[in-house]
Amino acid sequence: MTGFLLRRLGGAVFVLLSLTVILYAVFYVAPGDVAQIACGPRCSPAQVAQVTEQLRLDDPVYTQYGHFLQGIVAGRDFSTGTGVDHCSAPCLGVSYQSDQQVMRLILTKLPVTGSLVVGAFVCWILLGVGTGVLSVWRRGRITERLLTWLTLAGTATPVFVIGLLLIIVFCSTLQWLPSPTYVPFTEDPEQWAWGLLLPWVSLALIESAKYARLTRSSMLETLAEDHVRTFRAYGVGERAVIGRHALRGAVAPVIALSALDFGSMFGGAVLTESLFGIPGLGRELVHAVKVVDLPVVVGMVLVTGFFVVLANAVADMLYALADRRVVLS
Amino acid sequence: MTTPLVQVEDLTVDFGDVRAVDGLSFTLEAGAALGVVGESGSGKSASASALLGLHRGTGARVTGTVRVAGTDVGAADEAELRALRGAKAAMVFQDPLSSLDPYYTVGDQIAEVYRVHNRVSRRAARARAVEVLDRVGIPDAVRRSRSRPHEFSGGMRQRALIAMALACEPRLIVADEPTTALDVTVQAQILDLLHDLRRETGTALLLVTHDVGVAAESVDEVLVMQHGRAVERGPAVEVLGAPRQPYTRELLASVPRVDARRPAGPVPGPRAAAPETGPLLEALGLRREFGRGSSRVTAVDDVSLTVHAGETLGIVGESGSGKTTLGRMLVRLDDPTGGRLRYGGREIGSLPEKAFRPFRRELQMVFQDPVASLNPRRSVGESVADPLRAAGETDETRIRDRVSGLLERVGLDAGRYERYPHEFSGGQRQRIGIARVLAADPKLIVCDEPVSALDVTTQAQVIALLGELQRELGIGLVFIAHDLAVVRQVSDRVAVMRQGRIVEQGAVDEVYGSPQDAYTKQLLAAVPTLDPARAAARRAARSELAVA
């Protein structure tokens, strides 16, 4: 187990470092004068030169990358024009745009996206697996066909359509819910939950379709296996066959898919965040890409990548727990 | 007269257009044992499943009446059927690995079944599970009941399934090919266990098997099935000893016998060819290891053997004995990690792939699974033509002529060149595999379990074909099989393998007639005999050997 974790950690570091190298290379060849954008459209050439100097944009790309690595390991000092700002390790740099430290920026955005992703994750697993089990239980009947159709519609509908519909129905027409806003959990847990309810539900409606189909197909596959026949031949009822034996076969694939979705959702819930006005990582990342704010982009990607790697490692361990034939190596 | 435990009248089972069971009627008295024997597709498994109403909800159409322990299976509702299943009649399935849920412990699975039929606590059900596991001879049952199926060996899994069947003390056990997936020594143990349990609990047994020997060992009465119909039924001694129906006689004649000599015929013995030419293939201290460090496994350990042109060397052993790995090394499909391999006096064991290539076509292999070893997306003619094309032949007419000749040689219609593998039966596919090997003009063929996937009558035909080809072409043949009787039929000399080593090697009649090694003796004692009277005596002999 320890060996597995160490190897996984090594792998993670390698993956994340490769990501940063690729990002630096891409940004170096990308068009657009970073200093001009950072300074603003009305800056004079002299001011732009000053910004270039300040952000050390005229250094070769490998020197810039070296500084970046140095910041992570040992911390760095940044000139703010008037003074020096120390950014302690692990330092992901300072935004070209706002002079804010990337690490602090991420730490303020992380709880927001975290709230959205974790809540939505719980919803979509419950909804998806539940729908899958129900459609297996009622297989061959009208319920199953209805559920299959609904999940197909769910996968095919973009989040902004579902989200918009939910807002119109529940906030405007029925006025059952306040407009979605983000209130930190630490401030008011109840407001936090109410404010995030619609974003959770819209994400869950879309994501759960996949899980419903996966659960359904894995369970049907298991139901066709010999060991299910054994329990049927011993008088075990349909409810226990489905709930105990068939559902168990769906656990492993659901874990594997969740790991991918859970991790990538940290940087990828942009549409939901924008639609519901949630100030999360995804929105910040899109903004940073638009203004070529390299330190912020790299930082965000590192965080997202970290969660993907983490979620997969956790999934592998859960996998081994769910299926004892799996040996971690 | 009391009502029989099982009453089947005019049972018919249809799968779509296929009639699997066609008007079958039989009865089974309480405490009796009936063997249902037949080749694949004879409808024996479909009949067994009908006893527990297992065709329900599968799309199969069942007509006729089936009454088991007072339940009319056809008319029973779901609850009545569930009350029958497991409690009054329990089924033991063929494949012990896939028949248990991989995710739960063996003890929990048995306890689950027990609690379906008995209103007891989880604890009491677990205790019952341990009790039956202990009864079927699982050592340290308390601890092993917490293991999952993959941690059990094949024989232990089959014991666990039998334990599950015993849990609710049923009046009937239906065993569908319960030993087919097992080694012969383990098979003997399981059959002995079933025999003892029956004597002890008085439960009736319906044993479905393709292996006449297994039936002879275990049951009082035999029902022979063909094309979904009952051909002959009677006491095992009579049906197997003096069959009245032609089909039964044919079936029995096809069964290879471990105690019979090879059928007489013009057999050029090894001695005829050996002195002039020397051995065709010679292995000296051959080894093959897998893995590194603590997980290192020696699959083949210091094996030495020779094969002469025109002779057949049989290699017999149980699963995991290393016989397949050895066979693969003999044709260099696998590289030895030690020892030497000489072909025609030349060292080939350590030749690099490129230097070995000229020999490749002369050393060929026929594989076990005729389904998996043919590409389903290519016509059989193209598959047989592969070795010709690989040898550089480009003339399409010549290729076609040669392939047609080969197909005819192995007993197939050359007009079926363009057909695809799924259009052929198992035996025909194995013939195609043999034709493909012959296309390479081999000097030596290694056959790895070439007939173990085939029915006995087909098996006999393929074995006869291999014998003919060998006599005709004077090739060396290595015949690998787990079935001792088959190996005896085809081999001139035989090598017995166990745990990667050859424990005994010699002329076939010597090894089978007066085995020297204890393991060889044990193997031979485990082979089912066709004579029910002898089975009892051998059962006693087995328990003595097990003690020793």
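The structure presented is a predicted model; accordingly, all values stated were derived computationally and were not measured. (Residues numbered from 1 in each chain as written. Chains lettered and ligands numbered in written order. Predicted model: local features only at pLDDT ≥ 70, side-chain atom pairs only at ≥ 80, totals over all residues. Heavy atoms only, no water.)

**Some points on the UniProt feature "domain: ABC transmembrane type-1" (unreviewed entry) in chain A**
With numbering aligned to this structure, UniProt lists the feature "domain: ABC transmembrane type-1" (unreviewed entry) at residues 110-319 of chain A. For residues 110-319 of chain A, the end-to-end C-alpha separation is 27 Å, with 83% helix and 0% strand making up the annotated structure. (UniProt positions renumbered as here; feature names shortened; annotations may be inferred. Helix = DSSP H or I, 4+ residues; strand = E, 2+ residues; numbered from the N terminus.)

**Digging into the sheet that holds strand β7 (residues 172-176) of chain B**
All names here are of chain B. Taken together, six strands build an open sheet; the order of strands is β6-β7-β8-β3-β9-β10 and the sheet is mixed. Single-partner strands in this sheet number two, and they are β6 (89-92) and β10 (229-235). When the angles between neighbouring strand axes are averaged without regard to direction, this sheet yields 15°. Taken together, the five bridges between strand β3 (residues 33-37) and strand β8 (residues 204-209) define a ladder with parallel strand orientation. Of the residues in β8, the one forming a bridge with Gly35 is Leu207. (Pairing = 2+ DSSP bridges. Axes fitted to C-alpha atoms, helices over the stretch in contact; angles between N-to-C directions.)

**Points about the domain arrangement of chain A**
Residue and element names in this part refer to chain A. The domains assigned to chain A are domain 1 (2-97) and domain 2 (103-322). Spacing between the C-alpha centres of domain 1 and domain 2 amounts to 33 Å. Contacts between domain 1 and domain 2 engage 21 residues on the former and 20 residues on the latter. Of the roughly 2,000 Å² buried between domain 1 and domain 2 on both sides combined, carbon and sulfur atoms contribute 80%. Applying the counting rule to domain 1 against domain 2 returns one salt bridge. For Arg8, the salt bridge is made with Asp316, and the minimal N-O distance between the two is 2.3 Å. (Domains from an automatic or database assignment. Contact = heavy atoms within 4.5 Å. Buried area = accessible area lost by both parts, 1.4 Å probe. Salt bridge = Lys/Arg side-chain N within 4 Å of Asp/Glu carboxyl O.)

**Some details on the packing of aromatic side chains**
This model, assessed by the stated rule, comprises 12 aromatic pairs over all chains. Chaining the aromatic ring pairs together yields one cluster made of A:Phe121, A:Trp124, A:Tyr211 and A:Phe262. Here the guanidinium or amino end of A:Arg248 rests over the ring plane of B:Tyr104, the centre of that ring lying 5.3 Å away. The ring of B:Tyr417 carries B:Arg400 above its face, with NZ or CZ at 3.9 Å from the centroid. (Phe/Tyr/Trp six-rings, centres within 6.5 Å; stacked < 30°, edge-to-face > 60°. Lys NZ or Arg CZ within 6 Å of the ring centre and 35° of its normal.)

**Structural notes on the sheet that holds strand β15 (residues 346-347) of chain B**
All names here are of chain B. One open sheet holds the four strands; their spatial order is β12-β11-β14-β15, and the pairing between them is antiparallel. Of all strands in the sheet, those with a lone pairing partner are β12 (297-307) and β15, marking the two edges. Relative to strand β14 (residues 338-343), strand β11 (residues 281-290) runs antiparallel, the two sharing five bridges. Bridge pairing links Arg287 to Gly338 in β14. Against the sheet, helix α12 (residues 323-330) makes contact with β11, β12 and β14, and its axis sits at roughly 125° relative to β11, the strand it touches most.

**Here we look at the interface of chain B and chain A**
Taken residue by residue, the interface counts 26 residues in chain B and 20 residues in chain A. When the two sides are added together, the surface that chain B and chain A hide from each other amounts to roughly 2,300 Å², 57% of it contributed by carbon and sulfur. Counting the surface chain B buries against chain A, the share from its top three residues, B:Tyr103, B:Tyr104 and B:Glu112, is 31%. Across the chain B-chain A interface, the total number found is 11 residue pairs in polar contact (both at pLDDT 80 or more). The dominant element in the side of chain B that touches chain A, judged by the number of residues it contributes, is helix α3 (residues 106-117) of chain B, at five residues. For the side of chain B that touches chain A, the class distribution of residues is 15 nonpolar, six polar and five charged. (Polar contact = N/O pair within 3.5 Å; in protein donor to acceptor, adjacent residues only side chain to side chain. Nonpolar A, V, L, I, M, F, W, Y, C, P; charged D, E, K, R; others polar.)

**Regarding the packing of helix α5 (residues 102-137) of chain A against helix α8 (residues 189-223) of chain A**
All names here are of chain A. At a minimum axis distance of 4 Å, the contact between α5 and α8 shows a crossing angle of 35°. Between α5 and α8 the crossing geometry is right-handed. The residue inventory of the contact of α5 with α8, partitioned by class, reads 21 nonpolar, eight polar and two charged. (Left-handed = near helix turned anticlockwise from the far one by under 90°.)

**Here we look at a nonpolar patch on the surface**
A cluster of nonpolar side chains, contributed by A:Leu164, A:Ile168, A:Val169, A:Leu174 and A:Trp176, occupies part of the molecular surface with about 480 Å² of accessible area. Position of A:Ile168 relative to the elements: it lies in helix α7 (residues 159-173). (Patch = residues over 30% accessible without salt bridge, like charges linked within 9 Å, V, L, I, M, F, W, Y side chains within 5 Å. Areas by Shrake-Rupley, 256 points an atom, 1.4 Å probe, with all protein chains shown as cover.)

**Here's the deal with unusual backbone geometry**
Residue and element names in this part refer to chain B. Backbone geometry places Glu169, a non-glycine residue, at a positive phi of 50°. Tracing the backbone shows Glu169 in the loop between α6 (154-166) and β7. For Glu169, a relative accessible area of 61% translates into the label exposed. Phi is positive for Gln499, close to 50°, though the residue is something other than glycine. Position of Gln499 relative to the elements: it lies in the loop between β19 (493-498) and β20 (501-507). By relative accessible area, Gln499 is classed as exposed at 60%. (Buried < 20%, exposed > 50% of the residue type's maximum accessible area, 1.4 Å probe, protein only.)

**With respect to the side chain of A:Thr272**
Assignment of secondary structure puts A:Thr272 in helix α11 (residues 270-276). Sequence-distant contacts of A:Thr272, defined by excluding residues within four places in its chain, comprise A:Leu116, A:Val159, A:Pro199 and A:Leu203.

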